[in-house]
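The lines below spell out each chain.
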Amino acid sequence: MSKRPLRIGLVGYGFMGRAHSNAFLQAGRFFKTEYEPLLQAVCARNRQRAEAFAANWGYQSVETDWRALTERKDIDLIDIASPNDTHRDIAIAAAETAKMILCEKPLGRTAAESEAMADAAERAKVSTMVWYNYRRVPAVMLLKQLLDQGRFGKIFHYRAKFLQDWTISAELPQGGEGLWRLDVGVAGSGVTGDLLAHCIDTALWLNGPLDRVTAMTETFIKERKHNLTGRVEPVGIDDASAFLGRFANGSLATFEATRYARGHKALYTLEINGEHASAAWDLHDLHRIQFFNHSDEGRLRGWRNINVTDGDHPYMKHWWVPGLQTGYEHTFIHQFADFLNGENDPPAFRDGVAADRVTDAVLASAKSGRWETVAASKK
Ligand code: SOE
């Protein structure tokens, strides 16, 4: 049976453009899908570099203006992998020309931006997805299955951290390619939208809505040279962000993200404690979960260290033989395959809005010094 072509237009050729392009190429090779993804065009302002990217990944053409890309009739899907300040306008234009839309996280710089994107996509009745890729780690998916089976009983605690250390130097400038995450105008916020947002998305998916939060943020380096103006300018992003919260199911939330944890490069960890069981997961050992089951025989009760690489574990029958592992890039492949097949509840724009509402509440609480209520989501 011949497959349905899915003609993709990618905006942005950075780290995420590469991760997504790899997923577009690999998904159909390892997963059954009725679509055949075609790399139709890549769009970026620098034509020469866009052409080099196109040649390396096999994109058929190059655009330098995203509006021209969204208007093309030979494109079915727009993938937004450009900085956060471009997400809203590109997504709305893509919806208006009836394209499917994939977008990097956070969906918007604020929930108001992501709401406008979700509304436009719903008006146009187009499919959407936000690249919250950590949901697609096989071990995290196994956690989801165990939670959905009720094996934890009542949940008491959900704890998550995302620790990095790459902005500690005061000499690091802000702004421009590679460093736009430090420019608040472009990024919207610092670690709250960049790292904590991952922890929040996974938590909302695993443990349900968060009702209220009380937060603190800190900007350790107050001024940095701006790459685009050449001037030393105030830093508007948060370098560290932590909050306590209450989930709708009555469990307590403890969350932290920072780029100032010396020695930690991308340490995303989460732990869930329930009435009957506990589990923990760690991105640096991403194919394992630690699982404690209180109903085990007392004398043998203890933390199990489960290597999530067997054929009956999520996604793993599509890969190698039991015991052999998958990594970071596979999370994007799984997510794209799930999007194509409509499986495993891929995060859509409404999920992006839900995460942005929590990050908005976190930033508002850090400013007000009070508990803030998370705005209720439509979903
Ligand atoms: C920031 O350093 C970053 O690349 C984030 O933007 C990604 O979302 C995260 O997965 C890894 O860290």
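The rules behind these values
Residues numbered from 1 in each chain as written. Predicted model: local features only at pLDDT ≥ 70, side-chain atom pairs only at ≥ 80, totals over all residues. Helix = DSSP H or I, 4+ residues; strand = E, 2+ residues; numbered from the N terminus. Rg over C-alpha atoms; globule rule 2.2 N^0.38 Å. Buried ≥ 20, exposed ≤ 12 C-beta atoms within 10 Å, placed from the backbone. Contact = placed C-beta atoms within 7 Å. Near = placed C-beta within 6 Å. Nonpolar A, V, L, I, M, F, W, Y, C, P; charged D, E, K, R; others polar. Expected span 1.5 Å × (residues − 1). Domains from an automatic or database assignment.

Novice: Would you take a moment to explain the overall build of the protein for this structure?
Specialist: For the protein, the helix and strand inventory stands at 10 helices and 17 strands. Computed over the C-alpha atoms, the radius of gyration of the protein is 21 Å, within 12% of the 21 Å expected from 2.2 N^0.38 for a compact globule of 379 residues. For the protein, the C-alpha atoms occupy an extent of roughly 65 × 60 × 40 Å along the three principal directions. When burial is assessed residue by residue, the protein has 47% of its 379 residues classed as buried. In the protein, once contacts between residues fewer than 6 apart in sequence are set aside, the share between residues at least 24 apart is 69%.

Novice: Would you explain the site of the ligand in this entry?
Specialist: Looking at the ligand, the residues that line it are Gln-164, Asp-194, His-198 and Ala-266. Here the shell around the ligand is composed, by residue class, of 1 nonpolar, 2 polar and 1 charged.

Novice: Looking at this model, I keep getting lost on helix H9 (residues 328-341). Mind explaining?
Specialist: Helical geometry note: an α-helix holds 3.6 residues per turn, so side chains three or four residues apart project in the same direction. In this model, H9 (14 residues) spans 21 Å end to end at C-alpha, consistent with the 20 Å of a helix rising 1.5 Å per residue. With 11 of 14 residues buried, H9 is to be regarded as a mostly interior element. Structurally, H9 contributes buried residues whose contacts are with helix H1 (15-30), strand E2 (35-43) and strand E6 (128-130). Positioned one or two residues after H9, Gly-342 has a phi angle of 60 degrees, which is positive.

Novice: I'm lost on the domain arrangement of the protein in this one. Help?
Specialist: Interface extent is often summarised as the accessible area lost during association of the parts. Each assigned domain of the protein is listed with its residue range as follows: domain 1 (4-133) and domain 2 (134-373). Taking the mean C-alpha position of each, domain 1 and domain 2 sit 23 Å from one another. Tallying the contact residues gives 32 residues for domain 1 and 37 residues for domain 2. For the side of domain 1 that touches domain 2, the elements supplying multiple residues, two or more each, are H1, helix H5 (111-124) and E6. The dominant element in the side of domain 1 that touches domain 2, judged by the number of residues it contributes, is H1, at 8 residues.

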